[in-house]
Amino acid sequence: MSGSQPYWYNLSTQTVVRADERPSEDTLGPFGSAQEAEESPAVLLEHARAWLASEESEPYREMAAEADDGTDYV
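Residues numbered from 1 in each chain as written. Predicted model: local features only at pLDDT ≥ 70, side-chain atom pairs only at ≥ 80, totals over all residues. Heavy atoms only, no water.

(A) Up close: the sheet that holds strand E2 (residues 15–18). Strand order in this open sheet of three strands is E2-E1-E3, and the pairing throughout is antiparallel. At either margin of the open sheet sits one strand with a lone partner, and together these are E2 and strand E3 (27–31). Strand-to-strand, the axes of this sheet are offset by a mean angle of 25 degrees, without reference to chain direction. Sheet topology note: the strand E1 (residues 7–10)/E2 ladder contains four bridges and is antiparallel. Its bridge partner lying in E2, Tyr-9 is registered against Val-16. The strands that helix H1 (residues 34–53) touches are E1, E2 and E3; relative to E1, the one it contacts most, it runs at about 40 degrees. (Pairing = 2+ DSSP bridges. Helix = DSSP H or I, 4+ residues; strand = E, 2+ residues; numbered from the N terminus. Axes fitted to C-alpha atoms, helices over the stretch in contact; angles between N-to-C directions. Contact = heavy atoms within 4.5 Å.)

Encoded structure:
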C-alpha cells in the first residue's frame, strides 16, 4: 500500500472507500485493493464460522448456550 491510499469497507453503507486513515469506526481495513475491501465481509464471516466450529470457541459456545437467546452460532 505504499504511496497510495488504502481501501476500506464501510459496514454501514456497504461501500468501498479510500482514505489515508480509517474513515470511521464502521470500517474494515485497510486493504490494498478495492476488490479485497469489497470481499472483506464475506472473508470475515468465513473466518468467524471456522473459529466457531473450532475447539478454541468451545467456552464461548457454552456461554452462548447458557444465555439461550435462540441465536444459532454455528
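Once the structure has been displayed, the description carries forward.
(B) Quick peek at the side chain of Asn-10. Relative to the helices and strands, Asn-10 is located in strand E1. Its relative accessible area of 12% is what places Asn-10 among the buried residues. What Asn-10 contacts, discounting residues up to four positions off in sequence, is Thr-15, Ser-24, Asp-26 and Thr-27. (Buried < 20%, exposed > 50% of the residue type's maximum accessible area, 1.4 Å probe, protein only.)

(C) Highlighting the pattern of salt bridges. Going through the model one piece at a time under the given rule, you end up with one salt bridge. Residue Glu-58 pairs with Arg-61 through a salt bridge whose shortest N-O separation is 3.0 Å. Separated by three residues within a single helix, Glu-58 and Arg-61 lie in helix H2 (residues 58–67), roughly one turn from each other. Owing to a relative accessible area of 32%, Glu-58 belongs among the partly exposed residues under this scheme. (Salt bridge = Lys/Arg side-chain N within 4 Å of Asp/Glu carboxyl O.)

(D) How the structure looks around the environment of Thr-13. Inspection of the secondary structure puts Thr-13 in the loop between E1 and E2. Along the primary structure Thr-13 and Asp-26 are separated by 13 residues, whereas in three dimensions their C-alpha atoms are 8.9 Å apart.

(E) Seen up close, H1. Over its 20 residues, H1 extends 30 Å from the first C-alpha to the last, a length consistent with the 28 Å expected when each residue adds 1.5 Å. Of all the bends in H1, the greatest, near 50 degrees, is centred on Ser-40, and the proline Pro-41 appears no more than four residues after it. Within the sequence span of H1, burial applies to Ala-37, Ser-40 and Leu-52. The elements touched by buried residues of H1 are E1, E2, E3 and H2. (Expected span 1.5 Å × (residues − 1). Bend = angle between axes of the 7 residues up to and from the residue.)

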